[in-house]
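Analysis of the macromolecular model
Residues per chain, in single letters:
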Amino acid sequence: MDIRTPISPQSTRFLDQLRNFIRLRGLAYKTEKTYVFWIKRFIRFHSKKHPKSMGTSEVEAFLSHLVLQANVSVGTQRVALNALIFLYREFLGTPLDNLQYEAARKPQRLPVVFSPDEARRVIENMSGEYKLVAMLLYGAGLRINEALRLRVKDIDFGMQQLIVREGKGGKDRITLLPDRLIEPLRSQINSAVLLHQVDLAKGFGSVYMPAALAKKYPNASQEADWQYVFPAPDLSIDPRSGIRRRHHLQDRTVQKHIKTAVRQAGIHKPAGSHTFRHSFATRLLEAGYDLRTIQKLLGHSDVRTTEIYTHVVRKGGFGVRSPVDEAF
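Residues numbered from 1 in each chain as written. Predicted model: local features only at pLDDT ≥ 70, side-chain atom pairs only at ≥ 80, totals over all residues. Heavy atoms only, no water.

Note the cut-off: UniProt positions are given in the numbering used here, feature names are shortened, and annotations may be inferred rather than shown by experiment.
If you look the protein chain up in an unreviewed UniProt entry, it shows as Recombinase XerD from Marinobacter fuscus. According to the UniProt record, the Sequence similarities (unreviewed entry) comment for the protein chain reads "Belongs to the 'phage' integrase family."

Given below as structure tokens:
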């Protein structure tokens, strides 16, 4: 569940202080978890020495270990490096200078992509709100948690667009609302609002609001516009406040439904929710849309991230006809 547990500002534990610092910076919870994971792994690698007693040489040793012993990819080593740079430069105020370490050379794998027929077969093997979530991933290029965190007010039927709030990197963006999903989304929103009314009648109905917005709009948490489009089937206790409320569907539950649908469709690929997003980008490239447009729709900060899909499109053979097709 993407819910931060509360931490006392007076805590003297190192990781608690680090987490509070990350939250004050307004970084996404996923970033918080990633940074803490790699910092803990760094500390364990050096026999639980305190980061304040370590520095450049220990970071170099850890980053080299990740490549030489752990055999991580370029991207994984970069994430670990970013976490440690944040730890020393931002949190401890002691920047790391002139790092010299074994750089990963293992190339990133090409993304797994569904063919149009495969995407259709997977979606046809799903039902209800899970099917609609999958169609949003494929039809709008959303990440799974971007889809699940959509609130009623984020669906702009008039402008026919979706507003993604605090996507990766904490950025908002706008992406398309497919024609095919307008009516299913209207129906889903109606169901979510009716469920919210039932919750209100039972004395509940207060949805989670980011801290700053909760203070600015104290009554908004009970308004229909702020409810999740894909509410969870049951109420749960919010660990931050102790309030019993309804969160959105859990991503791992949706993932299970997608994995089952992939298997039922007879597709033998290491596919999951993100495969729909990769397939969205690939279909747009095949249709002739430019990289900058696709970059904006996907929310990539660097167009080089988007460029990997050009390799997927070309992987089919650069339009060359094989000799074996001519011979037989």
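Examining helix 5 (residues 116-124)
Selection rule: Each residue is placed in one exposure class: buried if its accessible area under a 1.4 Å probe, protein chains only, is under 20% of its type's maximum, exposed if it is over 50%, and partly exposed if it falls in between. Every helix listed is a DSSP run of H or I at least four residues long, and every strand listed is a run of E at least two residues long, numbered separately from the N terminus. By arc we mean the arc of the directions from the helix axis to the C-beta atoms, nothing more.
When we look at burial in helix 5, the residues that qualify are Glu118, Ala119, Val122 and Ile123. All buried residues of helix 5 project into a common sector of 130 degrees when viewed along the axis, lining one side.

As for the pairing of strand 2 (residues 161-164)
Rules: Pairing between two strands requires that DSSP report at least two bridges joining them.
Covered by surrounding structure in strand 2 are Gln161 and Ile163 together with Leu162 and Val164, the residues of both alternating faces. Where strand 1 (residues 155-156) and strand 2 come together, 2 bridges link them in antiparallel fashion. Within strand 2, the residue paired with Ile155 across the bridge is Leu162. Taken together, strand 1 and the strand that follows it, strand 2, pair antiparallel across an intervening segment of 4 residues, in which Gln160 is found at a positive phi of about 50 degrees. Bridge count between strand 2 and strand 3 (residues 173-176): 4 bridges; the pairing is antiparallel. In the strand pairing of strand 3, Leu162 is matched with Thr175.

Topic: the side chain of Thr306
Applied cut-off: Identification of polar contacts relies on pairs of N or O atoms within 3.5 Å, with a donor-acceptor requirement for protein atoms, meaning one able to donate a hydrogen and the other able to accept it, and with residues adjacent in sequence counted only if both atoms are side-chain atoms. Throughout, a contact is declared for two residues whenever any of their heavy atoms are within 4.5 Å.
Here Thr306 lies in helix 13 (residues 303-306). By relative accessible area, Thr306 is classed as buried at 0%. At 2.8 Å, the side chain of Thr306 forms a polar contact with the side chain of His300. What Thr306 contacts, discounting residues up to four positions off in sequence, is Leu291, Ile294, Gln295, Leu298 and His300.

Digging into the pattern of salt bridges
What counts is decided by this rule: Note on definitions: salt bridges are taken to be side-chain nitrogens of Lys or Arg within 4 Å of carboxyl oxygens of Asp or Glu.
Taken as a whole, this structure holds 19 salt bridges when the rule is applied. Arg120 is paired through a salt bridge with Glu124; the nearest N and O atoms lie 3.0 Å apart. With Arg120 and Glu124 both in helix 5 and 4 residues apart, the pair spans about one turn of that helix. In this structure Arg120 comes out as partly exposed when scored by relative accessible area, which is 40%. Measuring nitrogen to oxygen at the nearest pair gives 2.7 Å for the salt bridge that ties Arg245 to Asp238.

Structural notes on the nonpolar core
Inside soluble globular proteins, nonpolar side chains tend to come together where they are buried. Our working definition: The set of buried Ala, Val, Leu, Ile, Met, Phe, Trp, Tyr and Cys residues whose side-chain atoms join them within 4.5 Å is what this entry labels a nonpolar core.
Judged by nonpolar contacts, the single largest core of 40 residues is most densely connected at Leu142, Leu185 and Phe276. Counting residues per element, the ones that place at least two in this core are helix 5, helix 6 (128-140), helix 7 (144-148), strand 2, helix 8 (182-201) and helix 10 (251-264). At 9 residues, helix 6 tops the list of elements feeding residues into this core. Those residues in contact with Leu142 that lie beyond four places of it in its chain are Leu136, Leu137, Ala147, Leu150, Leu162, Val164, Arg173, Thr175 and Arg277.

So, the UniProt feature "domain: Core-binding (CB)" (unreviewed entry) in the protein chain
Mapped onto the present numbering, the UniProt feature "domain: Core-binding (CB)" (unreviewed entry) falls on residues 5-92. Helix makes up 67% of residues 5-92 and strand 0%, with an end-to-end C-alpha separation of 23 Å.

Focus: the environment of Val113
By secondary structure assignment, the location of Val113 is in the loop between helix 4 (74-91) and helix 5. Looking at Val113, the relative accessible area reads 14%, which means it is buried. Spatially, the C-alpha atoms of Val113 and Thr76 are 21 Å apart, while their sequence positions differ by 37 residues.

Looking at the packing of aromatic side chains
The way to describe two aromatic rings as a pair is by their centre distance and the angle between their planes. Let me state the cut-off plainly: Each Phe, Tyr or Trp ring (for Trp, its six-membered ring) is paired with any other whose centre lies within 6.5 Å, and the angle between the two planes then decides the class: stacked below 30 degrees, edge-to-face above 60, tilted in between.
On inspection of all chains with the given rule, the structure shows 11 aromatic pairs. Pairing Phe114 with Phe276 gives two aromatic rings, centres 5.1 Å apart and planes at 55 degrees, and the pair type is tilted. Of this pair, Phe114 sits in the loop between helix 4 and helix 5 while Phe276 sits in helix 11 (residues 273-286), placing them 162 residues apart in sequence. Classification of Phe114 by relative accessible area gives buried; the value is 0%. A relative accessible area of 0% places Phe276 in the buried class. Here the aromatic rings of Tyr138 and Phe276 are separated by 6.1 Å at their centres, their planes lie at 55 degrees, and the arrangement is tilted.

Topic: the domain arrangement of the protein chain
You'll often see interface size given as the accessible area lost when the parts meet. Convention followed: An automatic or database domain assignment is the source of the domain bounds shown.
The domain architecture assigned to the protein chain consists of domain 1 (14-91) and domain 2 (110-327). The centre of domain 1, based on its C-alpha atoms, is set 30 Å off from the matching centre of domain 2.

Thoughts on the sheet that holds strand 2
Spatial strand order, 1-2-3: 3 strands in an open sheet with antiparallel pairing. Either end of the sheet is taken by a strand with one partner, and the two such strands are strand 1 and strand 3.

Some points on the environment of Asp199
Relative to the helices and strands, Asp199 resides in helix 8. With relative accessibility at 5%, the residue Asp199 sits in the buried group. Taking C-alpha positions, Asp199 is 8.9 Å from Leu235, a pair spaced 36 residues apart along the chain. For Asp199, the residues in contact, after removing those within four places along its chain, are Phe204, Gly205, Leu235 and Arg246.

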